[in-house]
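Chains, contacts and geometry: an overview
The residues making up each chain are set out below.
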Amino acid sequence: MKRVEKVLELKNISKKFGEFYANKNINLEIGRGQIHALLGENGAGKSTLMSTVFGLHQPDGGEIYVYERQIKIENPNHAIKLGIGMVHQHFKLVEDFTVTENIILGMEPKIGHRINMKSATKEVKDLSEKYGLKVDPNSKVENLAVGVQQKVEILKALYRGANILIFDEPTAVLTPDEIGELLDIMKTLVAEGKSIVLITHKLNEIMSVADKCTVIRRGEYIKTVDIKDTDENELAQLMVGKTISKQLDKNPFNPADKILEINHLHLVSKSGRKILDDVSLTVHGGEVLGIAGVDGNGQSELVESIVNMIETNTGEIKIKGQSTKGKSIRDIFESGVSYVPADRHKHGLVLDKNISENLILIEYYKKQYNDGLNLKKMLIRDEGKQKMQAFDIRAESEATIVRGMSGGNQQKVILAREISRNPELLIIVQPTRGLDIGAINFIHNQIIRLRDQGVAILLVSFELEELLSLSDRINIIFDGKIIGQVDPNNTNDTELGLMMAGKGV
Amino acid sequence: MNAVAKHMKNRNILVPILATIIALVFGAIIMLIAGYNPVIAYQSLLNKVFGSAYDIGEVIRAIIPLLLSGFAVALANKAGLLNIGVDGQITIGAVASLLVGTLVDFPPIIHGFTALTVGVIAGGLWGVLIAYLKTRFTINEVISSIMLNYVALYLSHMLIRGIVPQEGSQRSALIQDSASISLNSLSELLNGARVHWGLFITPLIIFGFYYFFNKTRYGYETEVVGLNNHAAHYAGIKVNRIITRTMFISGAIGGLIGVFDTLGVYKYMAISTSTSGVGFDGVAIALLGGNTTIGTTLSGVLIGVLKYGSQGMQFGAGVPSEIIGMIISLIIFFVAAPGLVKKLLPNMEHTKKEVQ
Amino acid sequence: MKKQLAVMFVLILGLFLVACGNEGGTTSTSDGEQASIGMVTDLGSVNDKSFNQSAWEGLQKLKEDHGYDVKYLEPQSDAEVEPSLLQFVNNKTDLTWATAATLEDAVKNIAETNPDAKLGIVDSALEGVANVVSVSFKENEGAFLAGVVAGTMTESDKVGFVGGMEIPVIQRFHAGFAAGVKAVNPDAEVLVNYVGAFNRVDMGKSAAATMYDAGVDIIFHASGGTGNGIFNEAQERFNAGKQVWVIGVDKDQSLEFGNDITLTSMMKYVDQAVYDISHEALTGQFPGGEVVRLGLNENGVGLADTSDINVSQEVLSKVEEYKEEIINGNIEVPETP
């Protein structure tokens, strides 16, 4: 009998969303008993690729082979039947159920019409002992720590007979101890003959457990390397690629007074994870401070704590020398802060209101826009028209409902609102996510214009290119910590990539 | 192109109108099956509503609480809240105005006005209680408001029995004449129909609703909170404060309903075994009216007419008034499931074209 | 198929609109030849197995016997009561009944503004309105007989009374019952519980459980729907092999709850009262302004005909004796406990 060596093979897989290629001609070969890392930046197309394998959507081109037989994977149930299991980043567990109930959900062993709980519990227990996944089958999921919940997810996949396990960013939500444990579990799993695809962007994890690593960038296949023949430097470089930092016209760096000063900021989540860990930074007038890092390393909490949208545990934030303690969000905006949030739909806009109504979202209460009771509708409309022109917002009129507009135009509405408020400090997060090149250039030019006018800018982005071309300084954030600072004119992608992946200089 | 856009725009208004027609037709079919004459039934319904000066006065009396309840619910909806506790706010408003109306000695009009104000504030505070439970302890307002309905009911029993009982009957003592807010001379013109200050105050509330949301900055921020409370929080709007304020106004409108019933209609408050249910009618009316000024007004009038007219149907055609309850439920059903009605729309369009 | 449906829909719609467009004039008034009687229920339906139903049965019998035109209206809220009464009054109905004390205020208002109309109210003691007759029952007299049965038949010397609310009419039940028990069995103890509601089956059940647990073997109730809970509890105990009894109220409740647990019922003959007074009124003897009090003598209250199933002849003859005494005036039954 010939032993199958390739458990999963992808050939030239492509997936398009509209005109945008999320995956383009990607090749991947997973061997039996191997841990194969899939490395790439946010939005590189890793999750899209694995969703294709799990049957969540169909590829637009290419072939999938499972155990060397070409197969069209119809849906997740089909994938499970083929022995593919997925451990999602966001657990899909029923909190009120016990561990056993969650694991057997949908595949309950039955006697007649009754669930055979006894045999189920035993089966779960056996599985957990076999793979070293220590879980009490009878405890309720809501009482379990995040790391243990993840084990339940793994057990769920194993219970369904998975031989190929896909881990989607499994360490993102774990504490360092839990990460160590998880990596050990993975090793046990492959020792028992399972194969693992590990989606991650953390280099140290790859180096410590993976056998092979495939790198994808911007939806395209870059290279597959053997871990024993490579090092973190090479991986980092492969991940970020050669960025041609496009030189934007800007005045020489000439920092003025400190506008924003953060000292020793700490924030701990309810489950005890450190979200912000002793963060200190400063931004001066006339400079762009870039915050580099992979999503989920504390960036959103950092900016939300600056505007007092969330409360931090300890630490101090000063804007123009004044502590922000006890100030309302509105106070902070009035002290000269503008904030372009990462999530335009959730925070930045009221999608069911029109352009001009969204343009006054922050300042509607000011005398400028109302006479104490009534909104100055005419003036608001006229201003809306002006700003649409000034910021190149393309829509039928200022009365167009924002929901139906393109992402770029929506972002311009936010930008128009925040920039017109003449800030001294502009906090801007992921300003160009999902936008086309025209909109990106427009927004970049606006940021530079403000910098040249002396505005202090805190730019949080996951795009290295954007950070390198706009920033005067770059701080790297990893796991809630500022782990280093680089000069964009004096760094390279490898250095940045390594730091973003948690490797110090 | 233009016509299509127009069509799409009208479609949302068409749904409730069609829902109403379909429901009436359904009602007619059911009457036929049950052996009643739907023609006579609907005629007697209309006759009951517009038949005499008294009936016109009384139908207005019947519509006022439904309108107010609809707007109380719509207001809360606009802020993203489902206030199904209007019944409780009605009860609290009623009992508060009852106490002022019976226990205090004031000259006429001033007495009525004072009792009214106290009732309105009491209803508002009852709403604030719901808001407090939501903002402070994150208790869902649907649950707290429906539970507080019972608290309000039994509290009213306690207060009536303990403070203003009427010996030998299941109701409170009568309010003093000075506290009455009836419009006596108009009432005489209408053969005794129980019309009261609500005749003037209700239109003011409706206009206030329109003005609040279409003109004022307070309406604007309320809507922002309702549409996207995350964005509201980001924009520096104090979401909890808006929720509290909205529930106060919503509860105050609810309280007003109770005040009108107590000071304008009954002149006493009954120890009833359940709350009036007007608050739940309000939920239906706001839904039917899509939380808009004109829509809520029209649906409040429609439901009021149907409810009041149902007595005429029973009298004139022997049709049990449950049929009207069924028709109202069907209207709500079709509006809540617009897919059903919309499926019919293109067909109608189609047949029209064929005829041409 | 879809098209057909749509066409049918339009047709029906058209029919409906045409119908509506018809002269919206006179729909229905009483035809003038036959005397007419109307009835407005309290907030229950005419099928409530209680007062409303009983009164409606009386009216239907009038229709059968004398051909009167009878109609009822069921107001859906307190506010609709007056318009409903007026509907009858304005249609020149000869006599309009209201079936509960809770309608007193409305009846009074309408009577005063329409002095030509004749109205009646059941279970109320509305006095001094010239065009209203009130029918009131001497519940204490009927309850006394129930007390005689309970006092004689109790084995534990403990009997119970469950009342809906502590209001005069229910207190009359209480007083009569207690007096009847004492008359035949001075040693017997009467446990009393006013649950505070007429529609709380759950509270009735728990009140009954408490009493049965305390050794009570017969419970008399005057608590409307709450009493259903008492029957439920008794039935459960009966099924578990323990005989306990309930004495029903207002109508023969053994017909609904069976003879295993229903000892007897104290009747209020609302149908008879409505029948008699309506007939009197329409034949020229309207007792306007009066409160007609119906006791044992007037056959307004009594024990159910089915009593002999569970109550021995011996006890029933004792009941007859007391009944005579009350009618003769030798025993005066108290109205308050």
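Residues numbered from 1 in each chain as written. Chains lettered and ligands numbered in written order. Predicted model: local features only at pLDDT ≥ 70, side-chain atom pairs only at ≥ 80, totals over all residues. Heavy atoms only, no water.

Selection rule: UniProt positions are given in the numbering used here, feature names are shortened, and annotations may be inferred rather than shown by experiment.
Per an unreviewed UniProt entry, chain C carries the name CD4+ T-cell-stimulating antigen and comes from Halolactibacillus alkaliphilus. Word for word, the UniProt comment on chain C under Subcellular location (unreviewed entry) is "Cell membrane". Checking UniProt for chain C, the heading Sequence similarities (unreviewed entry) contains the comment "Belongs to the BMP lipoprotein family."

Labelled according to an unreviewed UniProt entry, chain B appears under the name ABC transporter permease, originating from Halolactibacillus alkaliphilus. Of the comments in the UniProt record for chain B, the one headed Subcellular location (unreviewed entry) reads "Cell membrane".

Observations concerning helix 6 (residues 176–191) of chain A
Residues and elements named next belong to chain A. Convention followed: Put simply, DSSP marks the helices as runs of H or I at least four residues long and the strands as runs of E at least two long, and each gets a number from the N terminus on. In a helix, the anticipated span is given by 1.5 Å times the number of residues less one. Accessible area is worked out with a 1.4 Å probe on protein chains only. A residue is then buried under 20% of its type maximum, exposed over 50%, and partly exposed in between. Of all possible arcs, the one meant is that of the directions from the helix axis to the C-beta atoms. Residue contacts follow a heavy-atom distance rule, with two residues in contact if any of their heavy atoms lie within 4.5 Å.
The end-to-end C-alpha distance of helix 6, which contains 16 residues, comes to 23 Å, matching closely the 22 Å that a straight helix rising 1.5 Å per residue would cover. Taken together, the buried positions of helix 6 are E178, I179, L182, L183, I185, M186, L189 and V190. For helix 6, the arc enclosing every buried residue in end-on projection is 160°, short of the 170-degree limit, so these residues lie on one face. Away from its buried face, by an angle of more than 90 degrees, helix 6 presents the exposed residues D177 and A191. In the core, the buried residues of helix 6 are packed alongside strand 3 (35–39), helix 5 (146–159), strand 9 (164–168), strand 10 (195–200) and helix 7 (203–209). G193 sits one or two residues past helix 6 and shows a positive phi near 100°.

What to know about the sheet that holds strand 8 (residues 218–222) of chain C
Residues and elements named next belong to chain C. To be explicit about the condition: Strands are treated as partners if at least two bridges between them are detected by DSSP. In this analysis an axis means a line fitted to C-alpha atoms, helices contributing only their contacting stretch, and an angle means the value between N-to-C directions, from 0 to 180 degrees.
Strand order in the open sheet made by the six strands is 7-6-8-9-10-12, with mixed pairing throughout. A single partner strand is all that each edge strand has here, and the edge strands are strand 7 (189–194) and strand 12 (301–303). Neighbour to neighbour, the strand axes of the sheet diverge by 15° on average, direction disregarded. Here strand 6 (residues 158–163) pairs with strand 7 via six bridges, running parallel. For V162, the partnering residue across the bridge sits in strand 7 and is N193. The strands touched by helix 6 (residues 168–184) within the sheet are strand 6, strand 7, strand 8, strand 9 (245–250) and strand 10 (262–268), with strand 6 carrying the most contacts at an inclination of about 170°.

So, the interface of chain B and chain A
This is how the line gets drawn: Using a 1.4 Å probe, buried area is obtained as the accessible area two parts lose upon being combined, added over both of them. Any Lys or Arg side-chain nitrogen found within 4 Å of a carboxyl oxygen on Asp or Glu counts as a salt bridge.
Tallying the contact residues gives 20 residues for chain B and 29 residues for chain A. Counting each side, the surface lost to burial between chain B and chain A is near 2,200 Å², with a carbon and sulfur contribution of 60%. Among the residues of chain B in contact with chain A, R217, Y220 and Y234 of chain B are the three that bury the most area, contributing 38% of the side total. Linking chain B to chain A there are one salt bridge. When the shortest N-O distance is used, the salt bridge between E223 of chain B and K353 of chain A registers 3.1 Å. For the side of chain B that touches chain A, the elements supplying multiple residues, two or more each, are helix 8 (198–214), helix 9 (217–227) and helix 10 (229–234) of chain B. Broken down by element, the side of chain B that touches chain A gets its largest block of residues, seven residues, from helix 9 of chain B.

Focus: the environment of L294 of chain C
All names here are of chain C. By the secondary structure assignment, L294 is in strand 11 (residues 291–294). On the accessibility criterion, L294 (11% relative accessible area) is buried. As a C-alpha pair, L294 and E321 span 27 residues in sequence and 19 Å in three-dimensional space.

Looking at the confidence of the model for chain B
All names here are of chain B. Convention followed: The predictor reports its confidence for every residue as pLDDT, a score running from 0 up to 100.
Looking at chain B as a whole, the pLDDT averages 89, with 93% of positions reaching at least 70. Scored below 50 in pLDDT, residues 1–10 shows one contact in the model against residues more than four places distant or in partner chains. Within the model, the stretch residues 348–356 combines pLDDT values under 50 with seven contacts to residues more than four positions away or in other chains.

Describing the packing of aromatic side chains
This is how it is decided: Pairing of aromatic rings covers Phe, Tyr and Trp, the last counted by its six-membered ring, and requires centre-to-centre distances within 6.5 Å; plane angles under 30 degrees mean stacked, over 60 mean edge-to-face, and any other angle means tilted. Consider the ring centre and the ring normal. A charge sits over the ring if Lys NZ or Arg CZ is within 6 Å of that centre and within 35 degrees of that normal.
Under the criterion given, the structure shown has 23 aromatic pairs over all chains. Pairwise contacts between aromatic rings join F161, F173, F177, Y194 and F220 of chain C into one cluster. For R330 of chain A, the ring lying beneath its charged end belongs to Y365 of chain A, and the centroid distance is 3.8 Å. Here the guanidinium or amino end of K412 of chain A rests over the ring plane of F442 of chain A, the centre of that ring lying 5.3 Å away.

Points about the environment of I271 of chain B
Tracing the backbone through its elements, the reader meets I271 of chain B in the loop between helix 11 (239–266) and helix 12 (278–288). Note: C-alpha distance between I271 of chain B and I139 of chain B (132 residues apart in sequence) is 29 Å. Apart from the residues within four sequence positions on either side, I271 of chain B is in contact with H157, I160, R161, Q170 and R171 of chain B together with M165 of chain C.

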